[in-house]
Amino acid sequence: MFAQFDKQIDEIISKMTLKEKIGQLNQEKAPSGKEEYENLLEMAKRGEVGSVLWASSAYAGAGNEPGINVELMDELQKCAVENSRCKIPVIFGRDVIHGHKTVYPIPLAMACSFNNDLVEKCYRATAKEAANDGIQWSFAPMIDLSRDPRWGRIIEGPGEDPFVGASFAKSAVKGFMGEKLSDKDSVVACAKHYIGYGASEGGRDYHRTEISDYTLYNFYLPAFRAAVNAGVGTVMSSFNDISGQPISSSVHHIREILKEKVGFEGFVVSDWDAVIQLVKQGVARDEKDCAELSLKAGIDLDMKDRAYLTYLEELVKEGIVSEELINDSVKRILRVKFAKNLFENPYRNQVSYDRKEHFALAREIAEETAVLLKNDNVLPLSKTQKIGVIGPFLKEKRDLIGSWTLDGKAEETPSLYEALLNRPEKENIVFADSLEELSGVDTVLLALGEVHTNTGEANAVAKLTLTDDQIELVNRVKSLKKKTIAVIFSGRPLAITRQIPCLDGILYAWHSGNETAPAICNLLFGDKVPSGKLAMTFPRTVGHIPMYYNVTPSGRPVDGYYGENPENCYNDIPASPLYPFGFGLSYTEFSYEDIKCDNKELSLDELKNGKKFNISVKVNNKGDYSAKETVQLYIRDLICLNMRPLRELKAYQKKEIQKGCDETFEFSVGYEELGYYYSDGSFHVEPGEFEIYVGDNCLTENKIVINVKA
Ligand code: GLC
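Residues numbered from 1 in each chain as written. Predicted model: local features only at pLDDT ≥ 70, side-chain atom pairs only at ≥ 80, totals over all residues. Heavy atoms only, no water.

Turning to empty space enclosed by the protein, a few remarks are in order. Applying the stated criterion across every chain, the model contains 7 cavities of 30 Å³ or more. Size it by volume and the largest cavity reaches roughly 130 Å³. Every residue lining the largest cavity is counted, 17 residues in all, and those nearest its centre are Ala58, Asp95, Asp271, Trp272 and Trp404. The class makeup of the residues in the lining of the largest cavity is 10 nonpolar, 2 polar and 5 charged. (1 Å grid on protein atoms, 1.4 Å probe; cavity = no way out; pocket = protein on both sides within 12 Å on 5 of 7 lines; lining within 4 Å. Points joined across faces, edges and corners; volume = space filled by probe spheres on them. Nonpolar A, V, L, I, M, F, W, Y, C, P; charged D, E, K, R; others polar.)

See the structure below:
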């Protein structure tokens, strides 16, 4: 897709000086103040600015960023395309992670919707809003697989599963891109952070990781491969090292795996100061070394630290770095600028959109991301029952739009309090500041959660509980002996183990954007039915971590899915999770009939030639509510050269089933679904038996066995 421009690009490169080429490899941060701004204009005139990232600090995610200034962007662009000798446009980037002006759920919550079309629509709407503000490139989607809710950036990615991650990556990239990258309302996407950042030891941000190539190919790489196949134009390299090899200097991970094996044709941008941090990582003497190592590793664009701008010319003249490497990086950057049509259309475009439509979309997806974790016949609330509402998140607004929200506004985000006041049932609601005010109600609704500043970049936690004041409130409300429901506005999975016995209902609302509260009200009163499923395992305690569903079996008598045979496992706390991957309740009840398969055996050659196992299951809605169900298909390869997980999600479908009716879900399982990667990156299906599970979470026992004949 990107190489189609190479003829024109080679022509341009042939006329560029070495300095001008290096200028294309330099990304400046947003200017703070007049002096920095004027200097940036001069740099653009000299052809020293390939890109500007519209963020002024390393913690853009904390949301304390200056807004967009379209006039400045156009003035800067004018210096590049009219005053510089080569007249190559700048590409403007910004962290548009889960919405721009209109804020959608944090990506971890979006992944819980298991609704790819809806996710794509949210990113399509986001691209329109961002493009209208002159943003040509977003540093999203963040697709770091992670099994550690202590990590603050767990909120920013799609959770623990490679298939969910790949589906999310594809939906987001397609949403940003729209029909084609050259359209005015499209935005170049960025698959980040390549690679393994989510495995930071202890959940401590920026710390070391230990990932074998076998694990990398089968768990961490699939989302990036999906992004590349969806046409992503850029990839951002990550801060971490893998097994002692910093990614910022890793030829193996960037050039060999991403660019050669995966075939990525766009460009790789470093993360903020990641090139010069090689000194602190102890693999480079000075910043000149850093520039050499990162360019050789395959990082094309240097974010913010000017190591390339300062040292590459010298390195080429000293014969340490070849100009061919620089030419390749320039080519990759210009490919994306051509694909985005920046040479023809470098300035901000007016893009029209309907903001009301975007808010409606935000509400729709917030309704589908919420996960019903417990319901002892207390939900939905009736239209007449007397409800008392209490808790620190009752009037909260800013937290509901979560971390990594640079352009969203708390004032455009109704609190639960405001949303309830908008309900016809408001006459039956008591908003309480003290327990005494709850004496006349029959049901208590607790508004609990996690502040957004506790999540996101550089915000790891060693505990994984609600705050002490909230725990105490839950315990005190329990003493009222009333029906009690908790709505939890959180970024990460919390170990709410001790609160569960005190609660009759739990609705996990996440930080789900501008429309979180109205969506939750629609679910609480039954206008909509919860359909979210967990894209991440909930541990009982922080001591469980890492805990995830796609584990390989042990050889010892540690029975149970997670090895939770009590005789051999933890002496103090059961080893099964609080809630497993894929789990989520509904107001109705679905029953699964036996799995059917058109044939139980195919040969390896038939699979290679595209034949598939066609599998179906009928799901009955036996309850009183029409509702959506996400049917999940997992495989297990029973015997193979390398150990494979007990279950691997390979497909899911989400459909509405009318009450009293049934729906048939059909899946095709072929070479792609049954295969896996060896540690050399080769892909194989091995003959033998596979178990196929189809159900409503990862622990379903609804299975059949199929056979692949040698
Ligand atoms: C940050 C983040 C990265 C972001 C970049 C620019 O440190 O790691 O995800 O895109 O800097 O803000």
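Let's shift gears to unusual backbone geometry. Note the cis peptide between alanine 140 and proline 141, where omega equals 15°. Relative to the elements of secondary structure, proline 141 occurs in the loop between β4 (137-138) and α7 (162-177). The peptide bond linking leucine 379 to proline 380 adopts the cis configuration, its omega dihedral lying at 0°. Among the secondary structure elements, proline 380 is positioned in the loop between β11 (371-375) and β12 (387-390). Here asparagine 341, not a glycine, exhibits a phi torsion of approximately 65°, which is positive. Its place among the elements puts asparagine 341 in the loop between α13 (323-339) and α14 (355-369). (Helix = DSSP H or I, 4+ residues; strand = E, 2+ residues; numbered from the N terminus.)

If you walk across this open sheet you meet the 5 strands as β19-β27-β26-β21-β22, and the pairing is mixed. In this open sheet, the two strands that pair with only one neighbour each are β19 (601-603) and β22 (648-657). Neighbour-to-neighbour, the strand axes of this sheet turn through a mean angle of 20°, independent of strand direction. In the sheet, strand β21 (residues 627-637) pairs with β22 via 9 bridges, with the strands oriented antiparallel. The residue of β22 that forms the bridge with isoleucine 635 is glutamate 648. (Pairing = 2+ DSSP bridges. Axes fitted to C-alpha atoms, helices over the stretch in contact; angles between N-to-C directions.)

It is worth spelling out the sheet that holds strand β9 (residues 267-269) at this point. Spatially, β5-β6-β9 is the arrangement adopted by the 3 strands of the open sheet, whose pairing is parallel. In the strand order of this sheet, the two ends are held by β5 (190-194) and β9, each with one partner. Strand-to-strand twist across the sheet, computed as the mean angle between neighbouring axes with direction ignored, equals 25°. Against the sheet, helix α10 (residues 251-261) makes contact with β5, β6 (234-237) and β9, and its axis sits at roughly 145° relative to β5, the strand it touches most. (Contact = heavy atoms within 4.5 Å.)

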